[in-house]
Every structure is written in C-alpha cells, then in structure tokens.
Amino acid sequence: MPLTNTVGFNSSKCKGRTFPDAKKLVQGLRNRNISLLSRAITCIESTNKTHQKEADHILKQCLPYANAAIRIGITGVPGVGKSTFIDALGTYLISLGKRVAVLTVDPSSTISKGSILGDKTRMPHLARNANAFIRPSASGQALGGVAHKTRDTITLCEAAGFDVIIIETVGVGQNETAVHSMTDVFLLLKLAGAGDALQGIKRGIIEMADAIIINKADGDTLKHAHLAKVEFERALQWYPQNNYGWSPKVTLASGLEHKGIKETWQLITTYLSLTKENKHFEAKRNAQKKSAVLEAINGELRSSFFSHPEIKAALEAQLQNVEQNIISPSTAVSHLLHLYKTGFTK
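Within every chain, residues take consecutive numbers counted from 1 along the sequence as written. Where local features are concerned, this predicted model is filtered to residues with pLDDT of at least 70; where side-chain atom pairs are given and counted, the filter is 80 or more; whole-chain, interface and lining totals use all residues. With hydrogens and water set aside, each side-chain value is computed from the structure's full complement of heavy atoms.

Caption draft 1: Broad picture of the overall build of the protein chain. Counting secondary structure elements, the protein chain contains 13 helices and nine strands. With a 1.4 Å probe rolled over the protein chains alone, any residue whose accessible area is under 20% of its type maximum counts as buried; one over 50% counts as exposed, and the rest are partly exposed. By residue count, 45% of the 346 residues in the protein chain fall in the buried class. When checking whether two residues touch, look at their non-hydrogen atoms; a contact exists if any pair is within 4.5 Å. Relative to all contacts within the protein chain whose residues are 6 or more apart in sequence, the contacts with residues 24 or more apart total 75%. All accessibility values rest on the Shrake-Rupley procedure with a 1.4 Å probe; residue burial counts only the protein chains present in the view. A total of about 18000 Å² of accessible surface is found on the protein chain, and carbon and sulfur atoms cover 55% of it. Helix and strand definitions here come from DSSP, where helices need a minimum of 4 consecutive H or I residues and strands a minimum of 2 consecutive E residues; each element is numbered from the N-terminal end.

Listed below in structure tokens is the structure:
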C-alpha cells in the first residue's frame, strides 16, 4: 500500500493545535497517512497537558501494532557522516521493498533552546522517497543523545507500518548510550585517522556497539580506513565476551559512494538471526520495556519536583545560600527534598 499524505478527518481543537480524535488518528496511521503520523508525533512531543492526555489515548491504541519493526541505532561524533550513511542505508533498504522511518535528534542550544532540525537536507534521496519518513526532533534537556519522546515515536512509526526504524543520535561523544536501550542493533560510526587506536580501547559506548562502521572509507582515506579496521579488531579482543554468542564486527563503508552498505545490512541481519534464535532479541526487548517505565518515572518525578510551588520558591533561596557559602550543596538538596516529600504528606 503506498504512503499517503491526505488527512480527510474531522478534528477536535486542543488549545491552539488541531488533532483528529485518537481513534481516527490511529486509523490514519494504519493506512500509512504520513500527515497524521507527523501530527501524532507533534501531539506526543507536546508539553501541553491536554495534548498529553490525547497522546496517552493515541499510544494505547497503537500498542497492538507495535514491536514489528527492526530498530537500528546509529551514533558517532559530529562529522563522521551519520546522515549520509543513513541516506545510503535507507535507500538500499527501500530497494529491497522495505519502508524506512528515520528519527533524527538535533542538539538544542543551551542558550536559545532552539534547534536547526535540518537533517532532511542531508538525506536527499530519502527525503524524496515516498516509502521513507524523516522526523527531526530537538534533544531538549534529554540525556543520552535521544529526544525525550523517542520511544513513543518508535511506537507510532511501527503502527504506521514501517519495517525499519533508524534512530540517529545527537552524536556528541562517549555518552551517546541511551539509544542502546531502545534499539535492536547498535552501530557506532568512526572515522579513520582520528585517534582510532586510542579510542578503540576506551570503555563506554564502544563496548555497547554491536558493530563498528569505519565510514568515509573512500578516496585517499581508504588506506587509513583499512588500518583503523585492524586497530579496532585488535582492541575489541580485549573486551569481555557477552553471553549471547555475538562478537562485535568491524566493517568499512562509504555513505557518499554507497559502498559497504549491502555488507552492513547483511551484518545486521546476521546479528538479528542469531539473537532471535538464542532468545536474546526477545529478552532485550522485554528489558527495554522495563527501562522505559523507569525512564518515564524519572521524567515525571523531575517534572513534578521542579513544578512544585513550594520548591520553586525555595530553590532560588537555596541556590543563593550555596552561592554565598552559607550552606553546602548537599545540605540544600536535603532541605529541598524534605520540603518536596512533606509537601505531599500534608
């Protein structure tokens, strides 16, 4: 069934934005209506309380259609070529008859709080393809390289019938790990000649990767890419073995020249076949669902704490006390937490 952008639903107005009711909106998603998919994502990303209630209804009705897609996480430092690589990989997957959704996360400015959200311009082939969907989101205050509502957006895309969902993280360094807790396979893109031997022995993000892709392996850098591949393969031998029989692989690719893309997909399918056969895939998905609950609790507690009227009033005073060396930060925290707890027990 081709993708459609036709809306054609009666809508109810929610404080400035208009959304179809949840039932009709989910029906639109199931009919692969991209306009309604975009509006549904906007609804779940909204901080408006009315929108959040609508989002809960939408997600509940989408859950029966979730968990059908392959989820691929891709990370790497800025400039490694993530967008170009995804453009090539997504185009190849579409040539195999698959529908591809790409969820990109743009870093939010700590000063203006804004984001460029220009990833479509770096994925020209996918941006023009009717079987692809690209959704940029601002990272906001979310940690770990993904937007706050990325998990829920994945559910909506699966309900809309996408076969593969690619999540591109902000890509700011070693802390890009949250995407690992919401994807089936985790790819780390690296550059040749960028401190590879040293990077290869670091813990953290590298040991979470299911595969390391040496990107931009073309032209004058091809020789260096082969050397980097050898360095990483040697370094990975020092990492502890996992308990599900997979050893992280290192391969070369060029998103610009569309080289190594087929091999990357073959590597992914091999990994998925192994993990489904030994039940690691199912166990990982179940663990991710539990992680989502804990993450949501953390988010709600944070929101509840900082929106508490007494906390708002007391926080500024405590910050001033800390600034003037009247009390220590830990004392300020203890006072605020006590105030927060007793505020709910009165």
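Caption draft 2: Seen up close, the packing of helix α1 (residues 22–30) against helix α3 (residues 49–62). Where α1 meets α3, the axes come as close as 9 Å, and the angle between the chain directions of the two elements is 45°. Between α1 and α3, the angle is such that the two are oblique. Both α1 and α3 take part in a crossing whose hand is right-handed. In this structure, α1 uses A22, K23, L25, V26 and L29 to contact α3, whose residues at the interface are E54, H57, I58, Q61 and C62. Angular values range over 0 to 180 degrees, each being the angle between N-to-C directions of two axes fitted as lines to C-alpha atoms, with helices fitted over their stretch in contact. We call two directions roughly parallel when the angle between them is under 35 degrees, roughly antiparallel when it is over 145, roughly perpendicular when it lies between 65 and 115, and oblique otherwise. Crossings are sorted by hand: turned counterclockwise from the far helix by less than a right angle, the near helix makes the crossing left-handed, and turned clockwise it makes it right-handed.

Caption draft 3: Examining the pairing of strand β6 (residues 164–168) more closely. Most of β6 is tucked away, with five of its five residues classed as buried. Going residue by residue along β6, you find V164, I166 and E168 tucked away on one face and I165 and I167 tucked away on the opposite face as well. Pairing between strands is defined by DSSP: at least two bridges between them are needed. Across five bridges, the pairing between strand β3 (residues 70–75) and β6 is parallel. Across the sheet, residue I70 finds its bridge partner in β6, namely V164.

Caption draft 4: Spatial organisation of the nonpolar core. What we call a nonpolar core is a set of buried Ala, Val, Leu, Ile, Met, Phe, Trp, Tyr and Cys residues that are connected through their side-chain atoms within 4.5 Å. Of all hydrophobic cores here, the largest spans 43 residues; its most connected members are L37, L156 and I212. Dropping the residues within four chain positions of it, L37 is found in contact with L29, F133, L156, C157, A160 and F162. Core analysis: the second largest hydrophobic core is formed by 33 residues, L93, I94, W246 and L272 among them.

Caption draft 5: Spatial organisation of the packing of aromatic side chains. Here the aromatic set is Phe, Tyr and Trp, taking the six-membered ring for Trp, and pairing holds for ring centres within 6.5 Å; pairs whose planes are under 30 degrees apart are stacked, those over 60 apart are edge-to-face, and all others are tilted. For the structure on display, the rule yields four aromatic pairs. Members of the aromatic cluster, connected to one another through ring pairs, are F305, F306 and Y340. Whether a charge sits over a ring depends on NZ of Lys or CZ of Arg being within 6 Å of the ring centre and within 35 degrees of the ring normal. Note that K249 overlies the ring of W246, its terminal NZ or CZ placed 3.7 Å from the centroid. In this structure, K276 is placed above the aromatic ring of F281, and the distance from its NZ or CZ to the ring centre is 5.1 Å.

Caption draft 6: Structural detail: the pairing of strand β8 (residues 211–215). By the criterion of burial, β8 is predominantly enclosed, with five of the five residues buried. When strand β7 (residues 185–191) meets β8, the two strands line up parallel, connected through five bridges. The residue bridging K190 from the neighbouring strand is I214, located in β8. In the sheet, β8 pairs with strand β9 (residues 249–252) via four bridges, with the strands oriented parallel. The residue of β9 that forms the bridge with I213 is T251. Crossover handedness is defined here as right-handed if the route from the first strand over the helix to the second strand goes clockwise, with the strands pointing away from the viewer. In this fold, the crossover linking β8 to β9 by way of helix α9 (residues 222–236) has right-handed handedness.

Caption draft 7: Seen up close, the pattern of salt bridges. Put simply, a salt bridge is a Lys or Arg side-chain nitrogen that is within 4 Å of an Asp or Glu carboxyl oxygen. Per the counting criterion, the structure on display carries six salt bridges. Residues E45 and R135 are paired through a salt bridge, measuring 3.2 Å at the closest nitrogen-oxygen approach. Remark: R135 occurs in strand β5 (residues 132–138) and E45 occurs in helix α2 (residues 34–45); sequence separation between them is 90 residues. Owing to a relative accessible area of 29%, E45 belongs among the partly exposed residues under this scheme. According to the relative accessible area criterion, R135 is buried, its value standing at 13%.

Caption draft 8: The arrangement of helix α6 (residues 150–159) in detail. With nine of ten residues buried, α6 lies mostly within the body of the structure. T150, R151, T153, I154, T155, L156, C157, E158 and A159 are the residues of α6 that are buried. Once α6 finishes, G161 follows within two positions and takes phi at roughly 90°, a positive value.

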